[in-house]
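One letter stands for each residue in the lines below.
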Amino acid sequence: MALLFIDGFDHYDPQALDPFGDPWLARGKAAYLSPQATRIPGRRPSSYALRLPAGSGGGYVKNLDATKTSLIVGAAIRVAPFENTGFEPVLLGVRDASAQITHLVKIGEDGRLKLYRRQSGYDTLLSTSLVTAPARGWHYVELKVVQGTGSGTLDVRVNGILAIQLTAQNTLQGGGPLLTAFVGAVPGEPCPVTVDVDDLYLADTSGTLNTTFLGDVRVDALQPQADGALKQWAVEGAASAWQAVSDGDEASGIRAATAGLRQTFDVEALPVMTTPAIHGVQVTLLARKTDAGSGRVRGLVASGAQTAVSADLVLQEQLAWHTALIERNPNGNVQWTEGAFNAAEFGLESA
């Protein structure tokens, strides 16, 4: 697999209150999210984005389920105008599992991108782009780090243009494999200026799909609109399963008492696009366990006569977001097409 995670920030408000009266703050999706983060209008009509305010709250941090030796992080980013005070806004970056080595992209007072390596608390400037990304506007920024002691590479793109490219690098510098991606601030530090982020993706360079920059992508959140062919979960508080799962509370829901039960849904069709290229589908679940012991589910897709499930998703006592990336259409093990996606059903399996 190459595509690891996506988020368009459309399906949740981080300031909305959970059943305990606390803000969601993307619980279960981000490893850390600024307590001051808010949902704002996105860069497309009828979409949302995430605002990371300047201050001590920090930014957005995502940890992977497993370490990687290569990592790509891309996001649409908009930086608020800032004074030339010597503090350069952090756009995005990646960090190794031991937090020894961090590679990050900042923006200078002249709008040019700057690639840094942080080691032992010190930032070393590696390269400055000629390409600019002026404040106030949305720009799609991507960073790719491939680890190696003398064969590592570092690449930065902005709005589809290669802005920085470094080869034959020691990107390891004695550190370990990569685990963390971040936006707006280095983990554990304040956000220097207000940063808005939309349409985020994480990928590595393995497999045969999505092994390099995806470019300026969009992430669309598509809701269930009808029950699918598989209907093995019990429905509570609603007339049908799709109605029970189409909100963000526990007034209604579905429940599985034993392992191996499957529930699928017909979801909304993709928005009309001229030539859509689907890099992957992510099943996003708001779920929790209801008893002691281990509670697990799997993301599920049914396409044609074929089905596929994700790895186990471990549930918590409280409601949390869980994601399962389905990169390939199991009907032929090929890249998704618009027609195949619109005909498929998505859901979950109890484990």
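Scroll up to find the structure this text is about.
Residues numbered from 1 in each chain as written. Predicted model: local features only at pLDDT ≥ 70, side-chain atom pairs only at ≥ 80, totals over all residues. Heavy atoms only, no water.

Undergrad: Before we go on, may I ask you to explain the overall build of the chain in this structure?
TA: When you go through the chain residue by residue, the secondary structure sums to two helices and 27 strands. By the compact-globule yardstick of 20 Å for 351 residues, the chain fits well, its C-alpha radius of gyration being 21 Å. Along the first, second and third principal axes, the C-alpha set of the chain runs to 60 × 45 × 45 Å. When contacts within the chain are restricted to residue pairs at least 6 apart in sequence, those whose partners lie at least 24 apart make up 65%. Roughly 15200 Å² of accessible area belongs to the chain as shown, and the carbon and sulfur atoms make up 49% of that amount. Separation between the mean location of the 27 positive side-chain charges and that of the 35 negative ones in the chain comes to 4 Å. (Helix = DSSP H or I, 4+ residues; strand = E, 2+ residues; numbered from the N terminus. Rg over C-alpha atoms; globule rule 2.2 N^0.38 Å. Contact = heavy atoms within 4.5 Å. Areas by Shrake-Rupley, 256 points an atom, 1.4 Å probe, with all protein chains shown as cover. Lys, Arg positive; Asp, Glu negative; His and termini not counted. Charge placed at Lys NZ, Arg CZ, Asp CG, Glu CD.)

Undergrad: Sorry if this is basic, but what is going on with the environment of Asn 210 here?
TA: If you trace the backbone, Asn 210 turns up in the loop between β15 (195-203) and β16 (224-231). Through-space distance from the C-alpha of Asn 210 to that of Gln 335 is 9.9 Å; in sequence the pair is 125 residues apart. Here the side chain of Asn 210 touches His 279 through a polar contact of 2.8 Å, landing on its backbone oxygen. (Polar contact = N/O pair within 3.5 Å; in protein donor to acceptor, adjacent residues only side chain to side chain.)

Undergrad: How should I be thinking about the pairing of strand β20 (residues 281-287) in this particular structure?
TA: Working note: regular strand, side chains alternate between the two faces of the sheet. Burial of β20 is extensive: five of the seven residues sit out of reach of the surface. Two strands pair when backbone bridges link them, and β20 and strand β24 (residues 320-326) are joined in this way by seven bridges, in the antiparallel orientation. The partner of Thr 284 across the bridge, within β24, is Thr 323. (Buried < 20%, exposed > 50% of the residue type's maximum accessible area, 1.4 Å probe, protein only. Pairing = 2+ DSSP bridges.)

Undergrad: Can you help me understand the pattern of salt bridges in this one?
TA: Side chains carrying opposite charge are able to pair once their charged atoms draw close together. Under the defined criterion, the tally for this structure stands at 21 salt bridges. The salt bridge involving Arg 78 is made with Asp 196; its shortest N-O contact spans 2.9 Å. Of the two residues, Arg 78 sits in strand β6 (residues 70-79) while Asp 196 sits in strand β15, which places them 118 residues apart along the sequence. The class for Asp 196 is buried, based on a relative accessible area of 3%. The shortest N-O distance in the salt bridge between Arg 288 and Glu 250 comes to 2.6 Å. Of this pair, Arg 288 sits in the loop between β20 and β21 (296-303) while Glu 250 sits in the loop between α1 (241-244) and β18 (253-255), and the two are 38 residues apart along the sequence. Residue Arg 288 is classed as partly exposed on the basis of its relative accessible area of 31%. (Salt bridge = Lys/Arg side-chain N within 4 Å of Asp/Glu carboxyl O.)

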